Amino acid sequence: MSPAGPAARAGDLTQALIDRDVWSEELLGQADIPIVDSPLVSVGGGLGSFTLIDHLRICGVPTGSLRVLTPLTTPWESFAYLTRVSQVAARDRLRSDSSSCPDNIWGFPSYALREAIAADSVRGFLAPLWKVMTEPVFSEHVTPRLSQVIDALAREHFRIRYPEMVVGGQVRMIRRRADGGYFTILTTAETSTAARRIAFRSGYVHLAVGYAGLKFLPDLQIYRETARNASRVVNAYEPHEHVYDQLRRRPGTVMVRGSGIVASRVLQRLIDERNNHGLQTRVVHIFGDYVAHSHGPRFMRRHGGDGFGYQAFDEPKAVWGGQLRDRARETEGRERVEFYDSLGASSTPYRKQWQAKLGTARQEGWYSTVVGRVEALDPGADDLISARVQTGDSVLLAEASFVIDCTGLESDIGEQRILADLLQHSGARRNPLGRLDVEPSFEVRETRSGKGRLYASGAATHGGYVPGVDTFLGLQIAALEIADDLAEQGFCRKLGPLRSIQQWLRWATNTVI
Amino acid sequence: MTYSLAGRLQTRILIFGVLGGAWTAVITPILPTRLPLGASFRMTFSVLLLTIVLGVFWELGYHLLQQFRWDKDWPTMFSLLAGVPEGLLVWLLLETDSWFWDVPVTPRGFWLLFISLWLVVWIVLSGPIRVLLVRRRWRGGRLFG
């Protein structure tokens, strides 16, 4: 590090700060860390932060009272990245309900209605309306295109003047303040001339840091760490274009693991590549749990077939605002775990297009399924990967050129730096599913500091009173609950019918607020 | 929509009562009932009242059917089509002598009222209601509790 580099910049964490659970201005002064006041800071800067800021701005909170601390340049940056690498192109349709609109807190007009209004033909106008009217019985669910959602987010983020509230940098930790509220430590960019760390002093903190990280299946992890050709084992949520590139140059077999939506997208890409480029790719799909048909008790029965559990969205719809949400609200401890289990494991939507493509692949014999547990992966000859699969009483050996892990395993929240610090120093604890324990209001339990409150939303709070927290709807539910809780404390106005109508009209006319 | 039972009942009573009541009041004077205005109002508000009262029982049935759905949702098409049996039942009760409540009723007036009432409520519940009552969709259709 050069003398002019980061180490030379003023204001860094001291051992005393790192060790102490509760901080004072004096302690920060001793470390030369400047203090900046902001009544509320949102940490993360992705869609979780955006939805809360959107709600609060609509509730009348001025931009000067809100700060978003983030390394991201736009709130949809992480979302766009994850969708792109998991094989969703801009024109592709997401797995998201038409009235699930992160750019519009009311969910009205839905994306289907907006698509109809924007259409330039009668057919284009009627098709989405007919589909949304007859879904999901006579037609498939209407889901928005990725580009439609991102365009709408961009429009809304300008409308609420979101960029004015963003402070660039990486949050290192949040600690309680001796006189109430919190200090949030932001590490500024290396190129910045500001102090290395800035402490944001706020009464309220909102935490929406997204997924703690990708996690590979244990056998894949071992292979990646030990094998020479580790790039042949990839996670579907990381860039893996090289797999498709290499398959175009040399035919090979791809082993797909997992049976959720991402597996469907990867299979679609592999099939399209094969069809469009005349390839000879073969696919071996490994199912840990093979769903042969509809399953579950009479009143909790999910469709299934060909190995997949079929479900329109990430969760059964009623978790976001129906009887399943009510039921989740009443569960604690072991009962909560059982309730989440009853919602079923991985699922994918039943789409005719995918069914047809997989049906053809099966008929032509280049798509095969194996049901079992992969015990180990070994490097084989000619850059192949050899998998030992335990199937019933026997062990099967399968060879592949590439393995794509679509299981979507997530790291423990303890591996996320800010969350780990919160668990260690601020009293936060884990919920029955091991994530951050939050109240129904999304306040992080046991972290209250004087009159200050710390909230969290998104993936870190999975396992709480609302299932499906890492979805557009889940983020909006959390945002409204937090806004209502803040309104009770006088931070903002509660969103009543009149204000809601007035603000909706401003949304509809794209009036900057 | 993902209704809870309480949400269904509240929607039936309050949304039909307030929105349906307003619509019925506005449309009755121009309905071709071929009845005096007073009798027209008696007919139209009897239809509305029956739609609400019988609707409470219909909702119990719908909720039972909803339990067979994995998503525990109620597709918008179901809400629209429910108007067919519900309208027929109200018509039969009012038109045949089996009903103890003697209300003058004319087919054209009845069906124009019922269909327009059903469509107005269905359209409002399909989207615009969310602007007025922002929390309703997160609470299984409940306005209270």
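Residues numbered from 1 in each chain as written. Chains lettered and ligands numbered in written order. Predicted model: local features only at pLDDT ≥ 70, side-chain atom pairs only at ≥ 80, totals over all residues.

### Some words on the overall build of chain A
Within chain A, the secondary structure is distributed over 16 helices and 20 strands. On C-alpha atoms alone, chain A measures out to a radius of gyration of 24 Å, which is about the 24 Å that the 2.2 N^0.38 rule sets for 513 residues. Its C-alpha atoms put chain A at 70 × 60 × 45 Å along the principal axes. Within chain A, the fraction of its 513 residues that count as buried is 46%. (Helix = DSSP H or I, 4+ residues; strand = E, 2+ residues; numbered from the N terminus. Rg over C-alpha atoms; globule rule 2.2 N^0.38 Å. Buried ≥ 20, exposed ≤ 12 C-beta atoms within 10 Å, placed from the backbone.)

### Observations regarding the overall build of chain B
Of regular secondary structure, chain B possesses 6 helices and 0 strands. Overall, chain B shows an N-to-C arrangement of helices and strands of α-α-α-α-α-α. Here the C-alpha radius of gyration of chain B, 16 Å, is about what a compact globule of 145 residues would show, namely 15 Å. With the C-alpha coordinates of chain B rotated into their principal frame, the extents come out at 45 × 30 × 25 Å. Taken over 145 residues, chain B has a buried fraction of 35%.

### What about the environment of Asn235(A)?
All names here are of chain A. Following the sequence through the fold, Asn235 ends up in strand S10 (residues 233-235). Residue classification places Asn235 among the buried positions, given that 24 C-beta atoms sit within 10 Å. Here Asn235 is in contact with Leu214, Phe216 and Asp405, once residues within four sequence places are set aside. (Contact = placed C-beta atoms within 7 Å.)

### Remarks on the pairing of strand S20 (residues 453-456) of chain A
Residue and element names in this part refer to chain A. The side-chain alternation of S20 yields two buried faces, one formed by Arg453 and Tyr455 and the other by Leu454 and Ala456. As judged from the 4 bridges shared by strand S9 (residues 204-207) and S20, these two strands associate in the parallel manner. Bridging across to S20, His206 finds its partner in Tyr455. (Pairing = 2+ DSSP bridges.)

### Some points on the nonpolar core
All names here are of chain A. Of all hydrophobic cores here, the largest spans 87 residues; its most connected members are Val43, Ile53, Leu207, Ile418 and Ala483. Considering each element in turn, this core owes the most residues, 10 residues, to helix H15 (residues 472-488). Two domains each put at least three residues into this core: domain 1 (1-92 + 146-213 + 411-513) and domain 2 (97-144). When residues no more than four places from it in sequence are discounted, the contact partners of Ala483 are His55, Leu56, Cys59, Cys492 and Leu495. Of all hydrophobic cores here, the second largest spans 35 residues; its members include Ile271, Leu358, Val374 and Val403. (Core = buried A, V, L, I, M, F, W, Y, C linked by C-beta atoms within 7 Å. Domains from an automatic or database assignment.)

### Remarks on the sheet that holds strand S18 (residues 394-400) of chain A
All names here are of chain A. As summarised here, the arrangement of the 3 strands in space is S16-S17-S18, forming an open sheet in which the pairing is antiparallel. A single partner strand is all that each edge strand has here, and the edge strands are strand S16 (373-379) and S18. Shown here is a sheet whose adjacent strand axes are inclined to one another by a mean of 25°, direction ignored. Here S16 runs beside strand S17 (residues 385-391); their pairing, made up of 6 bridges, is antiparallel. Looking across to S17, one finds that Leu377 is bridged to Ala387. (Axes fitted to C-alpha atoms, helices over the stretch in contact; angles between N-to-C directions.)

### What about the packing of helix H1 (residues 5-27) of chain B against helix H5 (residues 107-125) of chain B?
Residues and elements named next belong to chain B. Between H1 and H5, the shortest axis-to-axis distance is 10 Å and the interhelical angle comes to 135°. In terms of orientation, H1 lies oblique with respect to H5. Remark: the crossing between H1 and H5 carries right-handed chirality. Across the interface between the two elements, Ile15, Phe16, Leu19, Gly20, Trp23, Thr24 and Ile27 of H1 pack against Leu113, Ser116, Leu117, Val120, Val121, Val124 and Leu125 of H5. Grouping the amino acids of the contact of H1 with H5 by side-chain chemistry returns 11 nonpolar, 3 polar and no charged. (Parallel < 35°, antiparallel > 145°, perpendicular 65-115°, else oblique. Left-handed = near helix turned anticlockwise from the far one by under 90°. Nonpolar A, V, L, I, M, F, W, Y, C, P; charged D, E, K, R; others polar.)

### A short note on the interface of chain A and chain B
If you look at the interface, chain A gives 33 residues, while chain B gives 24 residues. When contributions to the side of chain A that touches chain B are tallied by element, the ones reaching two or more residues are helix H6 (122-134), helix H11 (323-329), H15 and helix H16 (497-508) of chain A. With 4 residues, the top contributor of residues to the side of chain A that touches chain B is H16(A).

### Concerning helix H5 (residues 111-118) of chain A
Since there are 3.6 residues in each turn of an α-helix, residues three or four apart along the chain are aligned in direction. Residues and elements named next belong to chain A. When H5 is considered as a whole, its buried residues turn out to be Tyr111, Ala112, Glu115 and Ala116. Along the axis of H5, the buried positions cluster into a sector of 140°, meaning they face one direction only. Exposed residues on H5 whose side chains face more than 90 degrees from its buried face are Ile117 and Ala118. Those residues of H5 that are buried lie in contact with H6 and helix H7 (146-159). (Arc of directions from axis to C-beta.)

### Structural notes on the sheet that holds S20(A)
Residues and elements named next belong to chain A. Strand order in this open sheet of 5 strands is S5-S4-S3-S9-S20, and the pairing throughout is parallel. The sheet is open, and its two borders are formed by strand S5 (166-168) and S20, each paired with just one other strand. With strand direction ignored, the average angle separating the axes of adjacent strands in the sheet is 20°.

### With respect to the pairing of strand S12 (residues 282-287) of chain A
Consecutive residues of a regular strand have side chains that alternate between opposite faces of the sheet. All names here are of chain A. Across 5 bridges, strand S11 (residues 253-257) lies against S12 in parallel orientation. Each residue of the ladder has a partner; that of Arg257, found in S12, is Ile286. This β-α-β element, S11 to helix H10 (residues 261-277) to S12, shows right-handed connectivity. Both S12 and strand S15 (residues 367-371) contribute to a ladder of 5 bridges, which runs parallel. Residue His285 lies in a different strand from S15, and its bridge partner there is Thr369. (Right-handed = clockwise from strand over helix to strand, strands pointing away.)

### Details of the packing of helix H2 (residues 37-66) of chain B against H5(B)
Residue and element names in this part refer to chain B. With their axes 10 Å apart at the nearest point, H2 and H5 run at an angle of 45° to one another. In terms of axis orientation, H2 runs oblique to H5. Every pair of crossing elements has a handedness; the one defined by H2 and H5 is right-handed. On H5, the residues that touch Ser40, Met43, Thr44, Val47 and Leu48 of H2 are Gly109, Phe110, Leu113, Phe114 and Leu117. Among the residues forming the contact of H2 with H5, the class breakdown is 7 nonpolar, 3 polar and no charged.

### Details of the confidence of the model for chain A
Averaged over chain A, the pLDDT score is 93; the fraction of residues at 70 or greater is 98%. Every residue in residues 1-7 of chain A is under pLDDT 50, and counting partners more than four places away or in other chains gives 5 contacts. (pLDDT = per-residue confidence, 0-100.)

### Observations concerning the domain arrangement of chain A
Residue and element names in this part refer to chain A. Assigned domains of chain A: these are domain 1 (1-92 + 146-213 + 411-513), domain 2 (97-144) and domain 3 (218-292 + 347-405). Summarising the inter-unit geometry, the C-alpha centres of domain 1 and domain 2 are found 31 Å apart. Taken together, the contacts link 17 residues of domain 1 with 9 residues of domain 2. Elements represented by at least two residues in the side of domain 1 that touches domain 2 include exactly helix H3 (47-58), H7, H15 and H16. In the side of domain 1 that touches domain 2, the residues fall into 10 nonpolar, 4 polar and 3 charged.

### Here we look at the confidence of the model for chain B
On average, chain B scores 94 in pLDDT, and the residues at 70 or more come to 97%. Taking the mean pLDDT of every element in chain B, the minimum, 94, falls on helix H4 (residues 83-95) of chain B and the maximum, 97, on H1(B).

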